[in-house]
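Geometric and topological summary
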Amino acid sequence: MRQILFREALREAMNEEMRLDPRVYLMGEEVAEYNGAYKVSQGMLDEFGPERVIDTPIAELGFAGIGVGSAMNGLRPIIEFMTFNFSLVAIDQIINSAAKILSMSAGQYSSPIVFRGPTGSAGQLGAQHSQNFENWYANTPGLKVVVPANPYDAKGLLKSSIRDNDPVIFMESEMMYSDKGEVPEGEYLIPIGKAEVKKIGKDVTIVSFGKMISRVVLPAIEELAKMGIDVELIDLRTVRPIDYDTVIESVKKTNRCVVVEEAWPLSSIATELTYMIQRKAFDYLDAPVLRVNNMDVSLPYAPTLIEVVLPNIKRTIEAVKTVTYR
């Protein structure tokens, strides 16, 4: 094992898959000459050339459409959005073309394509650059949605996403690109749709994914341990498909659950989990399932207000204390 950055793990995944399969290519704004807006694709142009690492104009609808068309014709594109907020410009190609072509063509065409880039808040970037659309895309049949929380998962899940025959939405975080984590030498894959129990506990289950794990949940768990509350932590890793079985088995053991998600509360992944837990584990619950979501407003610019609006350590601790009657 070695310690590498989150951005390096993503780069390794793309490099390995492009070396293995000449059909794989990367396309997006500033991915080539500038080495990527966040330096994820650094050095890839030098190795693979301008036919496989392609700079585009600021035209997400256009290059997303080119990617979908090339995927339908046998290539395996990786389309990078500088932020998933910009994917709204291309959402027609993602939802009405990539996600639906397999069923609409009765299986004659597939769209093996990865749309990847940062999601969520990354500081004072304003309301239009700080949104979470994981639940939007997860609501679309035909798409898979992956949200890794560390470099190890990022590499293994991105490799699996590139090899997958369905379109995959692969969501990262600008705040995590410099995070370090242990990644093994050589090739490995992590299956899409399998959650990970990151910490075993007995008093309450916390379910989360993405940067909420390191930025909010793990620090909250440390504080809760000082209060004598033993938390079991589940990292979903993918939000379509969701590994309900792992969540349900944990809740049957702990009898309590809190879901932490950086997203607006209405129709969120947390809402879906809350429904499924009460449906499949109602008789095991000793308290209502609680959610810790964004406040139901556009993200402010002021850092003091950002701290209030986003899920944070304090709100997570309070939710856990509520369900454990502390």
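These figures come from a predicted structure and were not determined experimentally. (Residues numbered from 1 in each chain as written. Predicted model: local features only at pLDDT ≥ 70, side-chain atom pairs only at ≥ 80, totals over all residues. Heavy atoms only, no water.)

Digging into the sheet that holds strand β11 (residues 231-235)
The 5 strands are arranged β9-β11-β10-β13-β14 in an open sheet whose pairing can be described as mixed. Two strands lie at the open edges of the sheet, namely β9 (196-199) and β14 (290-292), each paired on one side alone. With direction set aside, neighbouring strand axes in the sheet form an average angle of 25°. Two elements, strand β10 (residues 204-208) and strand β13 (residues 257-260), share 3 bridges in a ladder whose sense is parallel. Each residue of the ladder has a partner; that of Val207, found in β13, is Val259. Set on the sheet, helix α12 (residues 313-323) makes contact with β10, β13 and β14; between it and β14 the angle comes to about 175°. (Pairing = 2+ DSSP bridges. Helix = DSSP H or I, 4+ residues; strand = E, 2+ residues; numbered from the N terminus. Axes fitted to C-alpha atoms, helices over the stretch in contact; angles between N-to-C directions. Contact = heavy atoms within 4.5 Å.)

Looking at helix α9 (residues 244-254)
Residues of α9 that are buried: Thr246, Val247, Ile248, Ser250, Val251 and Thr254. Phi turns positive, to about 70°, at Asn255, one or two residues after α9. (Buried < 20%, exposed > 50% of the residue type's maximum accessible area, 1.4 Å probe, protein only.)

Looking at empty space enclosed by the protein
This structure, assessed with the given rule, holds 2 cavities of 30 Å³ or more. Approximately 110 Å³ is the volume attributed to the largest cavity. If you trace the largest cavity, you find 15 residues lining it, with Thr119, Glu134, Val147, Gly210 and Lys211 closest to the centre. When its residues are assigned to classes, the lining of the largest cavity shows 6 nonpolar, 4 polar and 5 charged. Quantified by volume, the second largest cavity comes out at close to 70 Å³. For the second largest cavity, the full set of lining residues is Ala127, Ser130, Gln131, Asn132, Ala263, Trp264, Asn294, Met295, Val297, Ser298, Leu299 and Val309. Residue composition of the lining of the second largest cavity, grouped by class: 7 nonpolar, 5 polar and no charged. (1 Å grid on protein atoms, 1.4 Å probe; cavity = no way out; pocket = protein on both sides within 12 Å on 5 of 7 lines; lining within 4 Å. Points joined across faces, edges and corners; volume = space filled by probe spheres on them. Nonpolar A, V, L, I, M, F, W, Y, C, P; charged D, E, K, R; others polar.)

Overview of the pairing of strand β5 (residues 114-118)
Counting buried residues in β5 gives 5 out of 5 residues, a clear majority hidden from the surface. Sheet topology note: the strand β4 (residues 76-80)/β5 ladder contains 3 bridges and is parallel. Residue pairing across strands places Glu80 opposite Arg116, the latter belonging to β5. As judged from the 5 bridges shared by β5 and strand β7 (residues 168-172), these two strands associate in the parallel manner. Pairing of Phe115 across the sheet is with Ile169, part of β7.

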